[in-house]
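An overview of the molecular structure
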Amino acid sequence: MQYRKLGHSGLLVSQFVLGTVPFGGRAGFEKTGNVNASEARRFIDIALDHGVNMIDTADLYSLGGAEEVVGEALGDKRDNVILASKARSPLGDGPNQSGASRYHLIKACEASLRRLKTDHIDLYQIHNWDGVTSVEETLRALEDLVKSGKIRYFGTSNYTAWQMMKTLGCASEHHMLKPVSQQIYYTPESREAEFELLPMALDQDIGTLIWGPLGEGLLTGAVSRHGKAPASTRQGSGWPEPYVHDMEHAYNVIEVLEQVGKEINASVAQVCLAWLAQRPAVSALIVGNRSEAHLRENLSAFELTLSDEQRQRIEKVTRPAPRYPYWHRFTSGMDRIDPAEQPFLDEYRQTLDERQDQAQK
């Protein structure tokens, strides 16, 4: 297992992070799995044996049920892991049972600590943007949680790049602690994060944790153009995520992952994870597992080595169309390209070059 520094912090995290969405399986999360404490304890032992040093959860998952399972399963192994959780999501009908206000965050953190059976959370993340609470209030509440010893670091989840920059700017202006990471959705089928979020992370030295790297079950091999996913899988059970704009494109992505998998005797899921783990700005992949077999399969992905040709083949099939102002960088012949954009622009440029070559033939 390889370890990477999480943003501008000194924290080293494993490339594989054990996700806990399947833990608990209640309050609307029944379709994601129902891993109990005994099974979770086994998963944690296996993950630790493979060098995994981080577990990610949230108060939203099974409305606290996932945190309860983690707390029960960790036991005396608490000090062996970096424990991450999240808050901000609605946990009830009351007007203050949601958001990133000081009132809600401190109450939510204290409730998570009780469920997790720990005195601190290593990485506390704002689960989504709060368009009502001021950024300064959220940051001061998080800084107070750090000073009180209840959390060690904090980050964001599902922010846009401008929202993260607003947060970083507010922290800098008021000399407050800054978030060290962002948690975002990014897969071979859905590469929108490359336009703003990943360049921002490179430029601002923000760690990037990827949730749903297997596309919420879309890229596990269970989905194909030739038939419906089994009802026992997340995509066959009616789970609403992910949003797929172009299913034909998704099938093409799945098929190239399958082709590469056949070449190296690996599953679609393993090829997907191996490719994502080497993408620019990616710190770690958060992978949830319903069974021990899935866990072992996914852990093995981090031992795979894709050839340059295989990585480039996957990149070409999954490449998004260049968007403005990125295509304008090429057509106007701009120089002085920002290093944070360079790795992505180099790939997008190939699309325009290929179209120009075809037009000239």
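Counting of residues starts from 1 at the beginning of each chain's written sequence and follows it residue by residue. pLDDT decides what is reported in this predicted model: residues at 70 or higher carry local features, side-chain atom pairs at 80 or more are listed and counted, and totals for whole chains, interfaces and linings draw on all residues regardless. By convention in this description, side-chain values take in all heavy atoms of the structure and omit both hydrogens and water.

Looking at an unreviewed UniProt entry, one finds the protein named Aldo/keto reductase and attributed to Candidatus Pantoea deserta.

**Observations regarding the pairing of strand S3 (residues 16-19)**
As a reminder, the rule being used: Relative accessibility decides the category of a residue: with a 1.4 Å probe and only protein chains considered, values under 20% of the type maximum give buried, values over 50% give exposed, and everything between is partly exposed. Only DSSP runs of H or I reaching four residues or more are called helices, and only runs of E reaching two or more are called strands; each is numbered from the N terminus. Each pair of strands is called paired provided DSSP finds at least two bridges between the two strands. Orienting the strands away from the viewer, one traces the path from the first strand over the helix to the second; a clockwise path indicates a right-handed crossover.
Burial of S3 is two-sided: the residues Phe16 and Leu18 facing one way and the residues Val17 and Gly19 facing the other way are all buried. Where S3 and strand S4 (residues 54-56) come together, 2 bridges link them in parallel fashion. The residue bridging Leu18 from the neighbouring strand is Ile55, located in S4. In terms of handedness, the path from S3 via helix H1 (residues 37-49) over to S4 forms a crossover that is right-handed.

**A look at the packing of H1 against helix H9 (residues 292-300)**
Rules: Only the stretch in contact is used when a helix axis is fitted, and all axes are lines through C-alpha atoms; the angle between N-to-C directions ranges over 0 to 180 degrees. Note that the term roughly parallel is reserved for angles under 35 degrees, roughly antiparallel for angles over 145, roughly perpendicular for angles of 65 to 115, and oblique for everything else. In this scheme the handedness of a crossing depends on how the near helix is turned from the far one: anticlockwise by less than a right angle means left-handed, clockwise means right-handed. Only heavy atoms matter for contacts: two residues are in contact if any of them lie within 4.5 Å across the pair. The nonpolar class holds Ala, Val, Leu, Ile, Met, Phe, Trp, Tyr, Cys and Pro. Asp, Glu, Lys and Arg form the charged class, and all remaining residues, Gly among them, are polar.
One can describe the packing of H1 onto H9 by two numbers: an axis separation of 10 Å at closest approach and a directional angle of 20 degrees. Judged on the interaxial angle alone, H9 and H1 are roughly parallel. Note on packing geometry: the crossing formed by H1 with H9 is right-handed. Taking contact as the criterion, the partners of Arg42, Phe43, Ile46 and Ala47 in H1 are, on H9, Glu292, Leu295, Arg296 and Leu299. Across the contact of H1 with H9, the residue classes break down as 5 nonpolar, no polar and 3 charged.

**Regarding the nonpolar core**
Test applied: The term nonpolar core refers to a set of buried residues drawn from Ala, Val, Leu, Ile, Met, Phe, Trp, Tyr and Cys, joined through side-chain atoms within 4.5 Å. As used throughout, domain bounds are those supplied by an automatic or database domain assignment.
Core analysis: the largest hydrophobic core is formed by 96 residues, its most contacted members being Tyr124, Leu257 and Leu285. Element by element, the count of residues in this core is highest for helix H8 (residues 268-277), at 9 residues. When residues of this core are sorted by domain, at least three fall in each of domain 1 (3-318) and domain 2 (325-360). Residue contacts for Leu257: discarding those within four places in its chain leaves Leu219, Val268, Val271, Cys272 and Ile314. Counting residues in hydrophobic clusters, the runner-up holds 12 residues, among them Leu11, Val17, Met54 and Ile286.

**As for a nonpolar patch on the surface**
Under the convention used in this document: Grouping into patches uses exposed residues only, defined as over 30% relative accessible area, and leaves out salt-bridged ones; the cut-off is 9 Å for like charges and 5 Å for nonpolar side chains (Val, Leu, Ile, Met, Phe, Trp, Tyr). For the accessible areas, the method is Shrake-Rupley and the probe is 1.4 Å, while residue cover comes only from the protein chains on display. Think of a salt bridge as a Lys or Arg side-chain nitrogen and an Asp or Glu carboxyl oxygen that are within 4 Å of each other.
A surface patch of nonpolar side chains, about 280 Å² in accessible area, is lined by Met1, Tyr3 and Leu12. Relative to the elements of secondary structure, Tyr3 occurs in strand S1 (residues 3-5).

**Points about the UniProt feature "domain: NADP-dependent oxidoreductase" (unreviewed entry) in the protein**
What counts is decided by this rule: UniProt positions are given in the numbering used here, feature names are shortened, and annotations may be inferred rather than shown by experiment.
Residues annotated by UniProt as "domain: NADP-dependent oxidoreductase" (unreviewed entry) correspond here to residues 17-317. Between the first and last C-alpha atoms of residues 17-317 the distance is 27 Å; the span itself is 40% helix and 13% strand.

**Details of the pattern of salt bridges**
Tallied over the entire structure, the rule returns 26 salt bridges. Here Glu194 makes a salt bridge to Arg279, at a shortest N to O gap of 3.0 Å. Here Glu194 is found in the loop between strand S8 (181-185) and helix H6 (197-204), whereas its partner Arg279 is found in the loop between H8 and strand S10 (284-288), with 85 residues between them in sequence. Assigned by exposure class, Glu194 and Arg279 land together as buried. Between Glu315 and Arg319 there is a salt bridge, with its nearest N and O atoms 2.8 Å apart. For the pair Glu315 and Arg319, a shared accessibility class is recorded, and that class is buried. One continuous salt-bridge network, built from bridges that share partners, spans Arg191, Glu194, Arg279, Glu315, Arg319 and Glu347.

**With respect to helix H5 (residues 161-173)**
How we decide: Here, expected helix span is obtained from the residue count minus one, scaled by 1.5 Å.
Between its first and last C-alpha atoms H5 spans 18 Å; for 13 residues at 1.5 Å apiece the expected length is 18 Å, and the two agree. Looking at the buried positions of H5, the neighbouring elements they touch are helix H4 (135-147), strand S7 (151-157), S8 and H6. Looking one or two residues beyond H5, the residue adopting positive phi is His175, at roughly 55 degrees.

**Digging into the domain arrangement of the protein**
Worth spelling out the cut-off: Note: buried area is the sum, over both parts, of the accessible area (probe 1.4 Å) each one loses when the two are combined.
What the domain assignment lists for the protein is domain 1 (3-318) and domain 2 (325-360). For domain 1 and domain 2, the distance between their C-alpha centroids amounts to 31 Å. Contacts between the two partners involve 12 residues from domain 1, matched on the other side by 9 residues from domain 2. Summed over the three residues of domain 1 that lose the most area to domain 2, namely Glu194, Phe195 and Glu315, the buried surface amounts to 42% of that side. Between Arg279 and Glu347 there is a salt bridge, with the nearest N and O atoms lying 2.9 Å from each other. Secondary structure elements with two or more residues in the side of domain 1 that touches domain 2: H6 and helix H10 (308-318). No other element matches H6, which puts 4 residues into the side of domain 1 that touches domain 2. Classifying every residue of the side of domain 1 that touches domain 2 by side-chain character gives 5 nonpolar, no polar and 7 charged.

**Examining the sheet that holds strand S6 (residues 121-126)**
A barrel is described by the order of its strands in space; here 8 strands give the closed sequence S3-S4-S5-S6-S7-S8-S9-S10, paired in parallel fashion. For this sheet the average axis-to-axis angle between neighbouring strands, irrespective of direction, equals 30 degrees. Relative to S6, strand S5 (residues 82-87) is paired through 4 bridges, and the arrangement is parallel. Bridging across to S6, Lys86 finds its partner in Gln125. Where H6 meets the sheet, its contacts fall on S8 and strand S9 (207-211), and the angle it forms with S8 comes to roughly 165 degrees.

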